Amino acid sequence: MIAKENFWKTINDVHSNIAMNSIESIRKLSKVIPSIAFQMLPDKLYQYRLFSSDSDSFDSCSYNVKHLINDEIWGTKISRENDQYEIFPYFGIQEMNKLLQEGINLQEDFASITEDKAKKSFPIIGNMMGDDGYRLFVEFCKDKSILPLLSELVELSKKSVEKIDRDYILQGVRTRLAGTYLACFTENDFSTLMEAHYSKGSTGFVVEYDSQDLIQQCDKIDECDMRLGCRTGGLSVPLYPVNYTNERIDLSNIIAVSMFYIFTSMCVRGEVETLGWEYLDYLADLKIVCWKKKEWEYEKEWRMISFSLPGFNDGPDYIPLKKAKASSVSVFERTSSGNVEFMKGICIQKGIPLYLLKEDINSKICNTFIRDRII
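These remarks concern the structure in this document. This is a predicted model, so every value here is computed, not measured.

1. What to know about the nonpolar core
Now for step 1: Within the largest apolar cluster, 61 residues are counted, with the highest numbers of intra-cluster contacts made by Phe-7, Phe-185, Phe-205, Leu-214, Leu-239, Leu-286 and Met-343.
Now for step 2: The element that contributes the greatest number of residues to this core is helix H15 (residues 337-350), accounting for five residues.
Now for step 3: Among all residues touching Phe-185, those that are not within four sequence positions of it are Leu-45, Tyr-46, Gln-47, Ile-73, Tyr-209, Leu-214, Leu-239, Lys-300, Glu-301, Trp-302 and Met-304.
Now for step 4: Core analysis: the next-biggest nonpolar cluster, separate from the first, contains seven residues, Phe-190, Met-194, Phe-332 and Leu-357 among them.

2. Details of H15
Now for step 1: An ideal rise of 1.5 Å per residue puts 20 Å on 14 residues; H15 measures up with 20 Å between its terminal C-alpha atoms.
Now for step 2: Residues Asn-339, Val-340, Phe-342, Met-343, Ile-346, Cys-347 and Lys-350 constitute the buried set of H15. Projected down its long axis, H15 carries its buried residues within an arc of 160°, all on one side. Every exposed residue of H15 that faces more than 90 degrees away from the buried side is listed here: Ser-337, Ile-348 and Gln-349.
Now for step 3: Tucked into the core, H15 has its buried residues touching helix H3 (63-69), strand S4 (205-210), strand S10 (328-332) and strand S11 (354-359).
Now for step 4: Directly beyond the C-terminal end of H15, a positive phi value near 70° is found at Gly-351.

3. Thoughts on unusual backbone geometry
Now for step 1: Of note, the phi angle at Asp-71 is positive, near 55°, even though the residue is not glycine.
Now for step 2: With respect to the helices and strands, Asp-71 occurs in the loop between H3 and strand S2 (72-77).
Now for step 3: In this structure, Ser-202 is a non-glycine residue whose phi angle is positive, near 65°.
Now for step 4: Tracing the sequence through the fold places Ser-202 in the loop between helix H10 (192-198) and S4.
Now for step 5: Given the relative accessible area of 12%, Ser-202 is considered buried.

Criteria and thresholds
Residues numbered from 1 in each chain as written. Predicted model: local features only at pLDDT ≥ 70, side-chain atom pairs only at ≥ 80, totals over all residues. Heavy atoms only, no water. Core = buried A, V, L, I, M, F, W, Y, C linked by side-chain atoms within 4.5 Å. Buried < 20%, exposed > 50% of the residue type's maximum accessible area, 1.4 Å probe, protein only. Helix = DSSP H or I, 4+ residues; strand = E, 2+ residues; numbered from the N terminus. Contact = heavy atoms within 4.5 Å. Expected span 1.5 Å × (residues − 1). Arc of directions from axis to C-beta.

Here's what the structure looks like:
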């Protein structure tokens, strides 16, 4: 089985020269990546949750409990994630200027270029302008002033790079991902840190899911009111492991190539063409959304992602993503007796086991736990 580190290395290293990617190769890659992620899934995934109070009831209970009762997986808007610096990709002026210079170094033998050669060498032109773009490009390349003009384009792009407002770019990234929702899971069936951070100091509960149930697509498309499931394609495939690294996701390549081709479009077509990220690095959103600092590595997190749904940029903080029934629930020693009794009723009603999790203080090794079945 591929390690998570190698999984992310594959994603980050493949197609390093994004200007040479065809839309077909990008789409092909996007289909391969989810299947690899599925092969890495553990059998079980967990969510640590908290009660709203010590006196929950069926009539007045927290959303965490209601989601359990209704077999619902809910997503949280990405802007509400606990680390405010998660969506802070990197881009560097020196790196972008180097890439822009390579933009002219790659342009060779323009006088004899044909449409077939252009399609093979510069597939991104077709992505940007359609098949007719190759004809325009060939005509453009026959002009004897092509090289000086391309040099001017590179210099113009470099000057634009130097004037980039970093806050403007970051705000653009946030705006692009504003409608993205995440449901977070962990591989940890017992973790003191997870209890402390997400279960209100070990007073909440842990919900266990069979991973295959989480990735199972709904077979009732027309009846389903969930936001993920069968209705979305592309990268909205349910689960991906989080990439823990202190090296931020680098957008230098995307920004530089986008600028160069925008200016090239001005010359070839006489008008500005904006180039979407999906034509440059179709996995850019995934890289950004699944990046976390190394210090969070203990979470062993997997994320169910619903990418920027149309009309949801100004949507609610929480939305339902799909249906999935829990396979069991566990409570802790510090969970109040009232909430334990309350959870008993829920688990009996749903026909799932309820366990008590506690650390084995008789073990010499810390974080050894005992799971006693309550019902």
